[in-house]
Each structure stands twice: as C-alpha cells, then as structure tokens.
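Listed below are the residues making up each chain.
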Amino acid sequence: MSELRFAAPVEGRVALVTGGARGIGRATALRIAREGRDVALLDLLGDEGAETVAAIEALGQRAITLRADVTDEAAVHEAVAQTVAQLGRLDILVCCAGVLGAEVPFMEQTAADFDRVMRINVYGVFYAHQAAVPHMLERGWGRCVTITSGARMGGTHVVPYSCSKGAVWSMVRALGNAWPRQNVFVNGVEPGRALTDMVVPRFSQEFLDDPPTAIGRYSDAEEVAEVIEFLCSERNTYTTGSVWSVKGQSG
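Note that the coordinates shown come from a computational prediction; the quantities given were computed from them, not determined experimentally. (Residues numbered from 1 in each chain as written. Predicted model: local features only at pLDDT ≥ 70, side-chain atom pairs only at ≥ 80, totals over all residues. Heavy atoms only, no water.)

Each helix and strand in the protein chain was counted, giving 7 helices and 7 strands. Going from the N terminus to the C terminus, the protein chain shows its helices and strands as β-α-β-α-β-α-β-α-β-α-β-α-α-β. On C-alpha atoms alone, the protein chain measures out to a radius of gyration of 17 Å, which is about the 18 Å that the 2.2 N^0.38 rule sets for 251 residues. Once the C-alpha set of the protein chain is aligned to its principal axes, its extents read approximately 50 × 40 × 35 Å. Taking all 251 residues of the protein chain together, 49% fall into the buried category. Considering only contacts in the protein chain between residues 6 or more positions apart, those separated by 24 or more positions represent 72%. Of the roughly 11600 Å² of accessible surface on the protein chain, 52% is carried by carbon and sulfur atoms. Across the protein chain, 23 positive and 30 negative side-chain charges occur, with their mean positions spaced 7 Å apart. (Helix = DSSP H or I, 4+ residues; strand = E, 2+ residues; numbered from the N terminus. Rg over C-alpha atoms; globule rule 2.2 N^0.38 Å. Buried < 20%, exposed > 50% of the residue type's maximum accessible area, 1.4 Å probe, protein only. Contact = heavy atoms within 4.5 Å. Areas by Shrake-Rupley, 256 points an atom, 1.4 Å probe, with all protein chains shown as cover. Lys, Arg positive; Asp, Glu negative; His and termini not counted. Charge placed at Lys NZ, Arg CZ, Asp CG, Glu CD.)

Dropping the structure here:
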C-alpha cells in the first residue's frame, strides 16, 4: 500500500452487500470479509443469508443479515441505518440484488414484469446509493460497486432486464463523477455469465461445458468477486465511473 500515492490507510471498514445471500453477492461478501472487513447482508433469503453470515464469522469478522426488499425505499434506508447502528459505520456498498425476469419474446412481456424488474434492478440500486453515500461522505471515503450486464446492449428475450441494466450502467457513469473529490468512488462490474443460480438452470450441461467465450468457459462467482473487491478497496485510488468487464473476452 505504501507505494500507492493516494491510498487510504487500511481500516476496519464495513460493507453492505445487497443480494448477499448467494451467487456473486455471497462470493463478494466472503471476499470482502477476508480482507478484514465486517459485512451486512441485505437479502430476502433468510436461511442462505444465515449460512453466509456464519461463513463470514468463521473468518473472524462480524456479520449481520437484514431481511429487506430492495424495492422498498424505507426498508433500504432502515437497513443502512441498522448497519451503522450494529456495525458502527458504512464504507462500502455492493449492489448485487437483481432478477432476470421472464425470458420470453417481447410481445409476451407484460407491463407488470417490466415494472418488477425495473424496481428491483434499478430502483433498488438508486435507493441503496441514496441511503449509503451520505455515511461515506461524512467519513471522507467510500466505494460503491453495482453489477450490470452485457444484456444492456440488447437482449431480445429479456427486454426488461436489458433496459434495467442499461439504466444501471448510466447510473454508475453519472454517480462516478459525483463525489470523487470527496474520495467516494462509484463503479460497476459486468460479469457476462457467471455460474450462478441465474445462469446454470437456463442452459444444458453440454453448453455450460463449452460456451462461446474466447476463454472457453464461464466464470465462477469468486472470479467476479475478486474484481469487485479491488474496486471496493483502498488499493483503488483512481477508478471511478467505470464499468469493468469480467467476461472472459473483449466486447
């Protein structure tokens, strides 16, 4: 750390991870905890959240699970307040909560499904940043990372999801320029397809064994978490408003 001119001292920081009970969220929560940080999980999955909390505590870090719906603005603000009350501070926000929605042709999409996907994938991110960032500005340091997707470029059978991830991409780009002089950075990570519950059930094992990526496989959630952890760390001294690709290929 000493050779990084603008690196902040490593402190006992606290992270809030939405969708932290499983998948990329769980992998990220554990990766962040391994760096000596306490973690609050915001998720509706109680049993899996408890398992993740136990795994973090086994690493010697404090962890709590907060059952809340990211589409409920008041609940998100209360979750942030509970994080600060129980863990003492909030320095890092990772937004992993998200849904794919119905994977059907556009004319079969419903307005209700579009609304649901947008509320979880976009409003949830909006609410979380509005609730969390003031605590970071107060301390003069903060890191936020949100998961986006290459589907933002256009997924014919997942139009609501594509629109939501395009909106998230724009939000990251906008907020990345909002507070860097206050040392609060906002970034995104675009994982392509990671082997999680959102991806694996949709494809045959034959396809998953040899997908059409340049690297010849899809990622594990832990590989995506490595990139997220860096962007959330004191080692990130000059990256804000960026969306990092973790796709196993360019483009």
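Next up on the list: the pairing of strand β1 (residues 14-18). Judged by how many residues are buried, β1 sits mostly within the fold: 5 of 5 residues are covered. Because side chains alternate across β1, one face comprises the buried residues Val14, Leu16 and Thr18, and the other comprises Ala15 and Val17, equally buried. In terms of strand pairing, β1 meets strand β2 (residues 38-42) through 5 bridges, oriented parallel. For leucine 16, the partnering residue across the bridge sits in β2 and is alanine 40. Regarding topology, helix α1 (residues 23-34) serves as the crossover connection from β1 to the parallel β2, and that connection is right-handed. As defined by bridge partners, β1 adjoins strand β4 (residues 92-95) across 4 bridges and the pair is classed as parallel. Counted as the bridge partner of valine 17 is valine 94 from β4. (Pairing = 2+ DSSP bridges. Right-handed = clockwise from strand over helix to strand, strands pointing away.)

What follows deals with empty space enclosed by the protein. Scanning the entire structure with this criterion turns up 1 cavity of 30 Å³ or more. Approximately 40 Å³ is the volume attributed to the largest cavity. Thr18, Val70, Cys95, Ala97, Ile120, Gly124 and Val125 together form the lining of the largest cavity. No other element matches the 3 residues that helix α4 (residues 111-139) contributes to the lining of the largest cavity. Partitioning the lining of the largest cavity into residue classes produces 5 nonpolar, 2 polar and no charged. (1 Å grid on protein atoms, 1.4 Å probe; cavity = no way out; pocket = protein on both sides within 12 Å on 5 of 7 lines; lining within 4 Å. Points joined across faces, edges and corners; volume = space filled by probe spheres on them. Nonpolar A, V, L, I, M, F, W, Y, C, P; charged D, E, K, R; others polar.)

Counting residues in hydrophobic clusters, the biggest one holds 35 residues, and the most contacted among them are Leu16 and Leu93. The element contributing the most residues to this core is α4, with 11 residues. Non-local contacts of leucine 93, meaning those with residues more than four positions away in its chain, are made with Leu16, Ala128, His129, Ala132, Met136, Arg143, Cys144 and Val145. One finds Ala27, Val94, Ala225 and Val246 within the second-largest nonpolar core, a separate group that totals 30 residues. (Core = buried A, V, L, I, M, F, W, Y, C linked by side-chain atoms within 4.5 Å.)

With 15 residues, helix α3 (residues 73-87) should cover 21 Å at 1.5 Å per step; its first-to-last C-alpha distance of 21 Å lies within 8% of that length. For α3, the complete set of buried residues consists of Val76, Ala79, Val80, Thr83 and Leu87. Projection of α3 onto a plane perpendicular to its axis shows the buried side chains occupying an angular sector of 95°, all on one side. Opposite its buried face, α3 presents the exposed residues Ala74 and Ala85, each directed more than 90 degrees away. In this structure, the buried side of α3 is in contact with β1, β2, β3 (63-66) and α4. Among the residues of α3, the N-terminal cap falls to aspartate 72, whose side-chain oxygen and the backbone nitrogen of alanine 74 are separated by 3.2 Å. Taken from the residues just after α3, glycine 88 is the one with a positive phi, measuring 95°. (Expected span 1.5 Å × (residues − 1). Arc of directions from axis to C-beta. Polar contact = N/O pair within 3.5 Å; in protein donor to acceptor, adjacent residues only side chain to side chain.)

Along the chain, glycine 19 falls in the loop between β1 and α1. In this structure glycine 19 comes out as buried when scored by relative accessible area, which is 14%. Residues glycine 19 and glycine 98, spaced 79 residues apart in sequence, show a C-alpha to C-alpha distance of 7.3 Å. Dropping the residues within four chain positions of it, glycine 19 is found in contact with Gly25, Arg26, Leu42, Asp43, Cys96 and Ala97.

Here we take up the sheet that holds strand β6 (residues 184-190). The 7 strands lie next to each other as β3-β2-β1-β4-β5-β6-β7, forming an open sheet whose pairing is parallel. Each edge of the sheet is formed by a strand with only one pairing partner; in this case those strands are β3 and β7 (243-245). Going across the sheet, the axis of each strand differs from the next one's by a mean of 20°, ignoring polarity. Where β2 and β3 come together, 4 bridges link them in parallel fashion. Looking at the pairing, leucine 42 lines up with leucine 66 of β3. (Axes fitted to C-alpha atoms, helices over the stretch in contact; angles between N-to-C directions.)

All we've got here are geometric facts, nothing functional implied.
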